[in-house]
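# Close look at the chain arrangement
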Amino acid sequence: MPVVLSVDFGANHPYLRLMALLPILEVPDPRLKTISTPVETFDDDLKKLVDDMFETMYAAPGIGLAAIQVGVPKRLLVIDLQDEGPDGEAVRNPRIFVNPEILDPSEDHSVYNEGCLSVPDQYAEVERPATVRARWQDLDGQVHEEAMEGMMATCLQHEMDHLEGILFIDHLSRLKRQMVLKKIEKARKMGGGHVHNEHCRHD
Ligand code: NI
């Protein structure tokens, strides 16, 4: 398993740690349908798992990852939509959500073209509440609440679906979902396990 030295993830992660890339479960792995259970212990193992999840997500690359996607059925997810720096460069903004809840989803909806590291190289438009109020715990168990909108609202809802065993393709018609699954199966048969695109970081 590849191991790399961490970069500074900000205030929560001031130390250099050894981190590991975790294998990401992909459809049709039945474990992705697991309903995850609440995190009850806020210890170093949880911090290590979060570090590994960030490393795995950044390497993929992706913008969100739920613990079940790396085979851990806990209500835990990480998101980084990245901010724009002063010179237009992308600046990391890692967010950690333990035991997240959605409090009041708006009646107005928005549509985003979604993808998922567990549904490799496939994208589809999904409609979800445009704004939500979210409550979650941090790595110390402290409770936070915040209004979310735009891509953050959508991403949080997408990741929270994973905690219920739901993928974004489950929001599509059966026909569309089967098309997506067939495409993935075909790409795997063609070799390499995925379709190469502009996001690939290898030859
Ligand atoms: Ni996903």
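## Observations regarding the overall build of the protein
When you go through the protein residue by residue, the secondary structure sums to 3 helices and 11 strands. Each helix and strand of the protein, ordered N terminal to C terminal, gives the series β-β-α-β-β-β-β-β-β-β-β-β-α-α. Burial analysis of the protein (203 residues in total) assigns 29% to the buried set. Partitioning the intrachain contacts of the protein with sequence separation of at least 6 by distance along the chain shows that 62% fall at a separation of at least 24.

## Some thoughts on the nonpolar core
Within the largest apolar cluster, 37 residues are counted, with the highest numbers of intra-cluster contacts made by M53, A67, L77, V78, V119 and L156. Mapped by element, the contributors of at least two residues to this core are α1 (44-59), β3 (64-66), β4 (76-79), β7 (95-102), β9 (119-129), β10 (132-137), α2 (150-163) and α3 (174-189). The element contributing the most residues to this core is α2, with 6 residues. Beyond its immediate sequence surroundings of up to four residues, L77 is in contact with G64, L65, A66, A67, F97, P100 and E159.

## A short note on the confidence of the model for the protein
Residues with a pLDDT of 70 or more make up 85% of the protein, whose mean pLDDT is 90. Note that residues 1-6 has pLDDT below 50 and, in this model, 14 contacts with residues that lie over four places away or in other chains. Confidence over residues 10-16 falls short of pLDDT 50; this stretch has 7 contacts with residues more than four positions distant or in other chains.

## Regarding the environment of L65
By the secondary structure assignment, L65 is in strand β3. With 15 residues separating them in the primary sequence, L65 and D80 have C-alpha atoms 9.3 Å apart.

## Here we look at the environment of P100
Following the sequence through the fold, P100 ends up in strand β7. Distance in space between the C-alpha atoms of P100 and Q157 is 9.8 Å, their sequence separation being 57 residues. With near-sequence residues (within four places) excluded, P100 lies in contact with R75, L77, A134, W136, L156 and M160.

## As for the pairing of strand β8 (residues 109-116)
Here β8 runs beside β9; their pairing, made up of 7 bridges, is antiparallel. Directly across from C116, in β9, lies its bridge partner V119. Between β8 and the antiparallel strand that follows it, β9, lie 2 residues.

## A look at the sheet that holds β10
Taken together, 5 strands build an open sheet; the order of strands is β3-β4-β7-β10-β11 and the sheet is antiparallel. Here the strands that pair on one side only, and so sit at the sheet edges, are β3 and β11 (143-148). Sheet twist, expressed as the mean angle between neighbouring strand axes with direction ignored, is 35 degrees. The sheet contact formed by β7 and β10 spans 3 bridges and is antiparallel. Bridge pairing in β10 links E101 to R135. Seen against the sheet, α1 touches β3, β4 and β7 and runs at an angle of roughly 45 degrees to β4. Sitting on the sheet, α2 is in contact with β3, β4, β7, β10 and β11, with an inclination near 20 degrees to β3.

## Focus on α3
Over its 16 residues, α3 extends 22 Å from the first C-alpha to the last, a length consistent with the 22 Å expected when each residue adds 1.5 Å. Of the residues trailing α3, G191 is marked for its positive phi of about 105 degrees.

## Topic: α1
In a regular helix each residue adds 1.5 Å, so 16 residues correspond to 22 Å; α1 covers 22 Å between its end C-alpha atoms and thus fits that length. Three or more residues of α1 are buried, namely L46, V50, D51, D52, M53, F54, E55, T56 and M57.

Thresholds applied
- Residues numbered from 1 in each chain as written.
- Predicted model: local features only at pLDDT ≥ 70, side-chain atom pairs only at ≥ 80, totals over all residues.
- Helix = DSSP H or I, 4+ residues; strand = E, 2+ residues; numbered from the N terminus.
- Buried ≥ 20, exposed ≤ 12 C-beta atoms within 10 Å, placed from the backbone.
- Contact = placed C-beta atoms within 7 Å.
- Core = buried A, V, L, I, M, F, W, Y, C linked by C-beta atoms within 7 Å.
- pLDDT = per-residue confidence, 0-100.
- Pairing = 2+ DSSP bridges.
- Axes fitted to C-alpha atoms, helices over the stretch in contact; angles between N-to-C directions.
- Expected span 1.5 Å × (residues − 1).

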